[in-house]
Amino acid sequence: MNKQAQLEAFRKGIAQFVTFNDTEWEVFTPYLSFSSLGKKENFAVEGKVCDYMCFITRGAVRYYHIKDGQEITGYFSFENEWMSAYKSFLKRTPNTNYIQALEETALVMISYQNLQQMLNHPLLALKMERFGRLIAEYYICCYEDRVTAFITQTPEERYIILEKTAKDIFQRIPQHFIANFLGITPVSLSRIRKRTLLQ
């Protein structure tokens, strides 16, 4: 995907939060940068401040913590989704988790420094303030949905919802990461998959 195609995908992706007219877009785009991650490459690591928020134009990542030497997968992000260690990005504090590419992943990025400049730009300030508020709401809702799922749903119910909302996840993500995300063992995941196939 070339940069122009990435920018077009990004413009559609950011439109759920804020839209720019052509003049604003011309002012806005120089603040963006492009990057890519190789498979298994980390975007964010524990103990370091996250300097970017990104829009994924191609690929997949997982968010995970390490506890007692074990990796605990908490979330996945795919194409046309936003990615960041957002608390670290926003508060400028060391990150507490890792974000790792599971595939070759292409990103459109906004640095913390550039975001601050846009928040002070007379043409962009109001829209970037709105974007900041709405992206924060987006992350809060994702977090609340995740917590609620673990409190109110069985692992099988979580699996069924995942299958409906992210159908190709089982072709793209290793089974042990999915099992970890659902809070079960790979053996339990295999049993659930067999049961649901028979229904």
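Counting from 1, residues in each chain are numbered in the order their sequence is written. Only residues with pLDDT of 70 or above have their local features reported here, since the model is predicted, and side-chain atom pairs are shown and tallied only from 80 upward, although totals for entire chains, interfaces and linings are computed over all residues. As a rule here, side-chain values come from all non-hydrogen atoms in the structure, and water together with hydrogens is ignored.

K.L.:
Explain unusual backbone geometry to me, please; I cannot follow it from the model alone.
P.N.:
Peptide bonds are, in most cases, trans, and in most cases residues other than glycine have a negative phi. In this structure, Asn 80 takes a positive phi of about 65 degrees despite not being glycine. Along the polypeptide, Asn 80 turns up in the loop between β5 (70-78) and β6 (82-83). The numbering of helices and of strands both runs from the N terminus, where a helix is a DSSP run of H or I of at least 4 residues and a strand a run of E of at least 2.

K.L.:
I keep staring at the domain arrangement of the chain and nothing clicks. Help me out?
P.N.:
Accessible area lost during the coming together of the parts is what is often quoted as the interface size. As annotated, the domain borders come from an automatic or database domain assignment. Split into domains, the chain comes out as domain 1 (3-151) and domain 2 (153-198). The C-alpha-based centres of domain 1 and domain 2 are spaced at 26 Å. With 18 residues of domain 1 at the interface, the matching set in domain 2 holds eleven residues. The buried area of a pairing is the accessible area, by a 1.4 Å probe, that goes missing from both parts when the two are put together, added over both. Carbon and sulfur atoms supply 59% of the area that domain 1 and domain 2 bury against each other, a total of about 1,200 Å² over both sides. By definition, a salt bridge exists where a carboxyl oxygen of Asp or Glu is found within 4 Å of a side-chain nitrogen of Lys or Arg. Taken together, domain 1 and domain 2 are joined by two salt bridges. Glu 103 is the salt-bridge partner of Arg 172, the closest N and O atoms lying 2.8 Å from each other. For this analysis, a polar contact is any N or O atom pair within 3.5 Å, provided that within protein one partner can donate a hydrogen and the other can accept it, and provided that sequence-adjacent residues contribute only side-chain to side-chain pairs. For the pair domain 1 and domain 2, the number of links is six residue pairs in polar contact (both at pLDDT 80 or more). Counting residues per element, the ones that place at least two in the side of domain 1 that touches domain 2 are β4 (60-67), β5 and α5 (125-152). Here the side of domain 1 that touches domain 2 gets seven residues from one element, more than from any other, and that element is β5. Note on contacts: a residue pair is in contact if any heavy atoms of the two residues lie within 4.5 Å.

K.L.:
So what exactly am I meant to see when it comes to the environment of Ala 166 here?
P.N.:
Following the sequence through the fold, Ala 166 ends up in the loop between α6 (155-165) and α7 (169-172). Remark: the alpha-carbon pair of Ala 166 and Phe 78, spanning 88 residues in sequence, is separated by 9.4 Å.

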